[in-house]
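Per-entry structural report
Here's the letter readout for the chains.
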Amino acid sequence: MPRQQTTALPKDNLMNTHFLTKNLKSSLLIGTLLFTLPLSLANTAVTDGHKDEPKSAHTDEHKDNDSDEHGDEHGEEGHIEISADMMKTVDITIQEASAGEIKQRLTLYGSLTTDPSAVSQVSARFPGLITKLSVNVGDKVKQGQVIAEVESNNSLTRYNILAPISGVISKRMANQGEVANEQVLLTIKNYQNLWLELQVFPSQQNKVAIDQSVTASLEQKQTNSVIKQLLPTNGETPFIIARVPLDNSQDIWSVGSLLSGSVVVNQQTVPLVIDNRAIQVMEGKKVIFIKNEHGFEVREVNLALSDGQFSQVAAGLAQGEVYAVQNSYLLKAELEKSSAAHHH
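As the structure is a prediction and not an experimental result, all values here were calculated from the model. (Residues numbered from 1 in each chain as written. Predicted model: local features only at pLDDT ≥ 70, side-chain atom pairs only at ≥ 80, totals over all residues. Heavy atoms only, no water.)

1. Describing the nonpolar core
- Counting residues in hydrophobic clusters, the biggest one holds 19 residues, and the most contacted among them are Ile-147, Ile-161, Leu-185, Leu-186 and Ile-188.
- Going through the elements one at a time, strand 6 (128–133), strand 8 (146–152), strand 9 (158–162) and strand 12 (184–189) are the ones with two or more residues in this core.
- The residues contacting Ile-161, other than those within four sequence positions of it, are Val-122, Ser-123, Ala-124, Gln-145, Val-146, Ile-147, Ala-148, Val-150 and Leu-185.
- Of all hydrophobic cores here, the second largest spans 17 residues; its members include Leu-108, Leu-196, Ala-216 and Trp-253. (Core = buried A, V, L, I, M, F, W, Y, C linked by side-chain atoms within 4.5 Å. Buried < 20%, exposed > 50% of the residue type's maximum accessible area, 1.4 Å probe, protein only. Helix = DSSP H or I, 4+ residues; strand = E, 2+ residues; numbered from the N terminus. Contact = heavy atoms within 4.5 Å.)

Right under this line is the structure:
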């Protein structure tokens, strides 16, 4: 277990703290420095730091300090004192320990494509002269909108061509003044609903099934869906296709993009789990920071199953205890800094 001590956040230098921590999130290193710098500007309270000093020397050394900010506020070993306001400033979040699920995942890869029903090839009903073509590639159209006009060769009357579906003009193969026969004039594609086609190789096929949950990802973009179809290929490729529908109503996905799909192939309910962001390593041991009345205490934990997002806790934590999750590394950094100063 790492050597433990108490560190109290200073009550003064608040204006400096506010100014320095405004840009905390720009990087991990800067975040750590900004969190710990105000502590360096004041006396750090460390348990047993002065227990061997003569009383007179102790009094002389601190004669100019306010007694409310010194040794009488030393807490138990391994505690970091931090106010709720400071936690909010440096964005340290907390969570209550509870039961949860550990999910076994399989990562597959594939590309986005349109649904065949969302593609329309537009032609003229009767041969004739194209008198108007009012849309171009990239234009958005709505179902029933007039997109062209043709003068019939037989009756010499003009009729409108309407958009059969809503979508985007992806191709234009004709112009005003040309003759329309049976050729395709325009192609309309609707990108509001796409399909992610994931490749499932033979060694993976016994793990993948319809209705399994999938998290589709591309860089910082992510969405959840389920496998709806498993399709065989033409026999020339060694994989089958798992088709996953994706909502694209916000236009965040592009046809042809390569995505990863994290498929939940098994899940197990366990009595106690923690968010992996809470886990820190100190002196080779895995620790978390437990919330208490005045701040946090460091505690070693024994972990069992893990799925990359959550881990099962075998020992060191009880249900209902509250622990630091986001930016818990700041607490670790402050504890290590104080420990180094103490040993020095």
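2. Focus: the pattern of salt bridges
- The final tally for this structure, using the stated rule, is eight salt bridges.
- A salt bridge links Lys-140 to Asp-251; the shortest N-O distance between them is 3.8 Å. Within this pair, whereas Lys-140 is found in strand 7 (residues 140–141), its partner Asp-251 is found in the loop between strand 17 (240–247) and strand 18 (258–275), the two being separated by 111 residues in sequence.
- Taking the relative accessible area as the measure of exposure, Asp-251 reaches 45% and is therefore partly exposed.
- Shared partners join several salt bridges into a network, and the residues in it are Glu-149, Glu-151 and Arg-158. (Salt bridge = Lys/Arg side-chain N within 4 Å of Asp/Glu carboxyl O.)

3. A closer look at the sheet that holds strand 5 (residues 119–123)
- With antiparallel pairing, the four strands of this open sheet are ordered in space as 5-12-10-7. Looking at the sheet topology across the chains shown, the edges are occupied by strand 5 and strand 7.
- Of the strand pairs in this sheet, strand 5 and strand 12 are connected by five bridges, and their pairing is antiparallel. Note that in strand 12 the partner of Val-119 across the bridge is Lys-189. (Pairing = 2+ DSSP bridges.)

So yeah, pure geometry; function would need other evidence.
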